[in-house]
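Topology and contacts: notes
This is what each chain is made of:
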Amino acid sequence: MNFLRRRLSDSSFVANLPNGYMMDLQRPDNSTSNPVSPATERRQQPSQQPPPLSSGTSIFSSISSAMKQGTQAAAGLTEPTASPAPVVPQKPQILLVIDDAHTDWAKYFQGKKVNGEFEIRVEQAEFSELNLAAYVSAGCMVDMQVIRNGSKVVRSFKPDFVLVRQHAYSMALGEDFRSLVIGLQYGGVHSVNSFFSIYNFCSKPWVFSQLINIFNTLGPEKFPLVEQSFFPSHKQMITTPTFPVVVKLGHAHAGMGKVKVENQHDFQDIASVVAMAKTYVTTETFIDSKYDIRIQKIGTNYKAYMRTSISGNWKANTGSAMLEQIAMTERYRLWADSVAEMFGGLDICAVKAVHSKDGKDYIIEVMDSSMPLIGEHVEEDRQLIADLVVSRMTQMVLTVGSSPSPLRPWPQQVSVKSQMPSQPGPQLGQLSQPRPPPQGGPRPPQGSQPPRAVAPPQQRLSPQGQQPPSPQSTSPQQQRSPGSPQQTRSSAGSSPSQPSKPAVFPPQQPRPPAQGRAPGQQGSGEPSKQQAPSHPHLNKSQSLTNTFSLSETSQRGNPNEDEAKAETIRNLRKSFASLFSD
């Protein structure tokens, strides 16, 4: 460092540097004419030396601090800086509204959010402008082809929720969209009303059967239902109890397929028309009405209307009529609440009834979410429907968020799976216990394996004509464990003076595996097995070993075996003589 300080303080060194190399260091005026010593230069310019040193020090310190921070960050020792996280916009919830183009539903959902955080993107189309494909895991993908301002718009999207404001089925040509309802239900899409109820509303006699159940429960006083008959085909249309009657063919809307029949002859004529239509028929008693009543329910909002025909037509919805709102009574509220419980619940529904001239009310029909909005509060009703849809979408988001993921099973399932492998463990262990253990395993009982320990060497060596056969393979084992009672019995059984002992073992017994030998023979049985087949003729070392084995066996034999001992000694001398002669 001292050398650098002297070098940087030298005026001649600084003068030879390129222009702008060290701008913070000022060049002295007398650098060439009056050279001075470095010490004098440092005294004369005390204020010029610190700037380059401070700048160099700051550069080095910044580099070193940057390297230190990088090392600590790589090692995970520093805490991350509290930088503001980028705001990720939430994916909007796609709402499919099935309705005609006369009502722009996007403006009623403008500014509304699902659960206060998800924007709502509205896609509106009619049933005839939709096509879809539903999958088990991928849900439902909808293709929409609509005409907007004279141009064709094509979109593909995956709806999160559906608002149905159109009839899904009518017997008119080209108005059967039940397959789309099935596809949306198949894809697991939620809706208002539910697709289960919408599909059930595709048959008016089916819906009327639910009204009959309510009629039987509440009684005619609380729930007055019009008298109606059902004929599955024209063959059963012979006559009716009373006339005039109203004949309704199949499933239709807005007064279509309804005929007033005055007598029996007209009834037979209608039967022939029904035969051509090939559909079912319902007939109900004609009510000479004073006005019609409609009670609608949107969520928790109730309204009641009265419609009076001016043109004199027996169909109040045909021709000119006067509409006014009437007070909601408890009787009307009971009708709406009872109907709203059909098919798992109806969020939007309406009950139609007629008030006869004799002052009685008769319920004739019920409508679902596809009901037309009437009266002076249409805008209010649409806003109520929008609020109802947002609340149902919020419930859906909260329910889906709290439900467990398919990739993360319930704890009960995990515990059952973890216990499954432990159950067959003891069974496998019990099956493997009767099998002989491998080498180095636990020692089996002594009383079960001693006969099989001696049989293999006798069966294996006897065909080779070796003398004596059994001590050749058993003598090394007996020397290693002379105190074993099994080896004592086996050696005694293989003695030449007891030829009847080997007859104890059955000759048809198959060769036992290596695991079946006695524990004391496991260590030395393998070498004896390898030597016996590879060397059929005994050499000098084997004869010496056999001699020792014979001597040990004969020593452990009976006292009257003197001849055997003498023969053993002679064989021992011969073996030594032949061994040292070489």
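The following paragraphs examine the structure supplied in this document. Note that this is a predicted model, so its numbers are computed, not measured. (Residues numbered from 1 in each chain as written. Predicted model: local features only at pLDDT ≥ 70, side-chain atom pairs only at ≥ 80, totals over all residues. Heavy atoms only, no water.)

1. So, the nonpolar core
In this structure, Leu211, Phe223, Val339 and Met342 are the most contacted members of the largest nonpolar core, which totals 30 residues. When residues of this core are traced back to their parent elements, those giving at least two are α7 (204-218), β13 (289-298), β14 (301-309), α9 (330-339), β16 (348-356) and β17 (361-367). The contacts of Met342, once residues within four sequence positions are left out, are Phe201, Val207, Gln210, Leu211, Ile214 and Val366. In terms of nonpolar packing, the next biggest core, distinct from the first, is built from 26 residues, Trp105, Val114, Val192 and Val378 among them. (Core = buried A, V, L, I, M, F, W, Y, C linked by side-chain atoms within 4.5 Å. Buried < 20%, exposed > 50% of the residue type's maximum accessible area, 1.4 Å probe, protein only. Helix = DSSP H or I, 4+ residues; strand = E, 2+ residues; numbered from the N terminus. Contact = heavy atoms within 4.5 Å.)

2. Focus on the packing of aromatic side chains
For the structure shown, the criterion picks out 6 aromatic pairs. Geometrically, the ring pair formed by Phe127 and Phe177 is stacked, given 5.4 Å between the ring centres and 10° between the ring planes. One end of the pair, Phe127, is in the loop between β3 (118-125) and β4 (130-135); the other, Phe177, is in the loop between β7 (161-164) and α5 (178-186), with 50 residues separating them in the sequence. In this structure Phe127 comes out as buried when scored by relative accessible area, which is 1%. Where Tyr332 meets Trp335, the ring centres are 5.3 Å apart and the plane angle is 50°; that geometry is what we call tilted. Note that Tyr332 and Trp335 are positioned in helix α9 at a spacing of 3 residues, about one turn of the helix. With relative accessibility at 0%, the residue Trp335 sits in the buried group. (Phe/Tyr/Trp six-rings, centres within 6.5 Å; stacked < 30°, edge-to-face > 60°.)

3. Focus on the sheet that holds strand β12 (residues 281-285)
Ordered by their spatial adjacency, 4 strands build an open sheet running β9-β12-β10-β11, and the pairing between neighbours is antiparallel. Every other strand in the sheet has two partners, leaving β9 (228-231) and β11 (258-261) as the edge strands with one partner each. Each strand of the sheet is rotated relative to its neighbour by a mean of 25°, with strand direction disregarded. Sheet topology note: the strand β10 (residues 245-249)/β11 ladder contains 4 bridges and is antiparallel. Bridging across to β11, Val246 finds its partner in Lys260. With respect to the sheet, helix α8 (residues 264-277) is in contact with β10, β11 and β12, its orientation differing from that of β10 by roughly 5°. (Pairing = 2+ DSSP bridges. Axes fitted to C-alpha atoms, helices over the stretch in contact; angles between N-to-C directions.)

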